[in-house]
Amino acid sequence: MSMQTSLPQHVVVLGASSKPERHSNQAVRLLKAYQHKVTAVNPAFDQIEQCPCVRQLADIHLPVDTLSLYRNAHQLANQIDEIIALKPKRIIFNPGTESWELQQALTKSGIFWQENCTLVMLRSGHF
């Protein structure tokens, strides 16, 4: 039985961790298991869970279907311009990442966003 629930997407995980117990690391692994193309963003690593890892969003040159956020609101507020410049089709604010400032900027820019959990969405077939 295939774990695939939707067409493969290019998913960027902002704030990806190399620590297996972290939700951002679990998201990288589960996205990979569901056959999505994953790009992790963390300046400390070249790869996470055998997926390419870039230092910053500006280093991504392929179209992004989904940007999954694992950074706090203060950190995200400092990246608003960079996130908007990436032009992802969708942004997922995972629990604890909600940023009113970024959400307002995304709405104004016409970028779809939602507060949800990447892990739950994948496991329930709603990704």
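See above for the structure.
Since the structure is predicted, the reported quantities are computational estimates derived from the model, not experimental observations. (Residues numbered from 1 in each chain as written. Predicted model: local features only at pLDDT ≥ 70, side-chain atom pairs only at ≥ 80, totals over all residues. Heavy atoms only, no water.)

Enquirer: Lay out the pattern of salt bridges with the relevant residues and their values.
Expert: In this structure the tally under the stated criterion is two salt bridges. Among the salt bridges present, the one from Lys89 reaches Asp65, with a minimum N-O distance of 3.1 Å. One end of the pair, Lys89, is in the loop between helix H3 (80-86) and strand E6 (90-93); the other, Asp65, is in the loop between strand E4 (51-54) and strand E5 (66-69), and 24 residues separate them in sequence. Judged by its relative accessible area of 60%, Lys89 falls in the exposed class. (Salt bridge = Lys/Arg side-chain N within 4 Å of Asp/Glu carboxyl O. Helix = DSSP H or I, 4+ residues; strand = E, 2+ residues; numbered from the N terminus. Buried < 20%, exposed > 50% of the residue type's maximum accessible area, 1.4 Å probe, protein only.)

Enquirer: Tell me about the side chain of Ser24, and please be specific about residues and values.
Expert: Structurally, Ser24 can be placed in helix H1 (residues 23-33). Looking at Ser24, the relative accessible area reads 5%, which means it is buried. Once you skip the residues sitting within four places of it in the chain, Ser24 turns out to touch Val13, Gly15, Ala16, Ser17 and Tyr70. (Contact = heavy atoms within 4.5 Å.)

Enquirer: Tell me about the packing of aromatic side chains, and please be specific about residues and values.
Expert: Centre distance and the angle of the planes are the two values used to describe a pair of aromatic rings. Applying the stated criterion to the full structure yields one aromatic pair. Ring geometry for Phe93 versus Trp113: centroids 5.7 Å apart, planes at 80°, classification edge-to-face. Placement of Phe93 in strand E6 and of Trp113 in strand E7 (residues 112-115) is noted, with a sequence separation of 20 residues between them. (Phe/Tyr/Trp six-rings, centres within 6.5 Å; stacked < 30°, edge-to-face > 60°.)

Enquirer: Just give me the short version of the sheet that holds strand E2 (residues 37-41), but keep the residues and values in it.
Expert: Read across the sheet, seven strands follow the order E3-E4-E2-E1-E5-E6-E7 without closing on themselves; strand pairing throughout is mixed. Edge positions in the open sheet fall to strand E3 (47-48) and E7, since each of these has one partner strand only. Relative to E5, strand E1 (residues 10-14) runs parallel, the two sharing four bridges. Looking at the pairing, Val13 lines up with Ser68 of E5. On top of the sheet, H1 reaches E1, E2, E3 and E4; it is set at about 170° to E1, its chief contact. (Pairing = 2+ DSSP bridges. Axes fitted to C-alpha atoms, helices over the stretch in contact; angles between N-to-C directions.)

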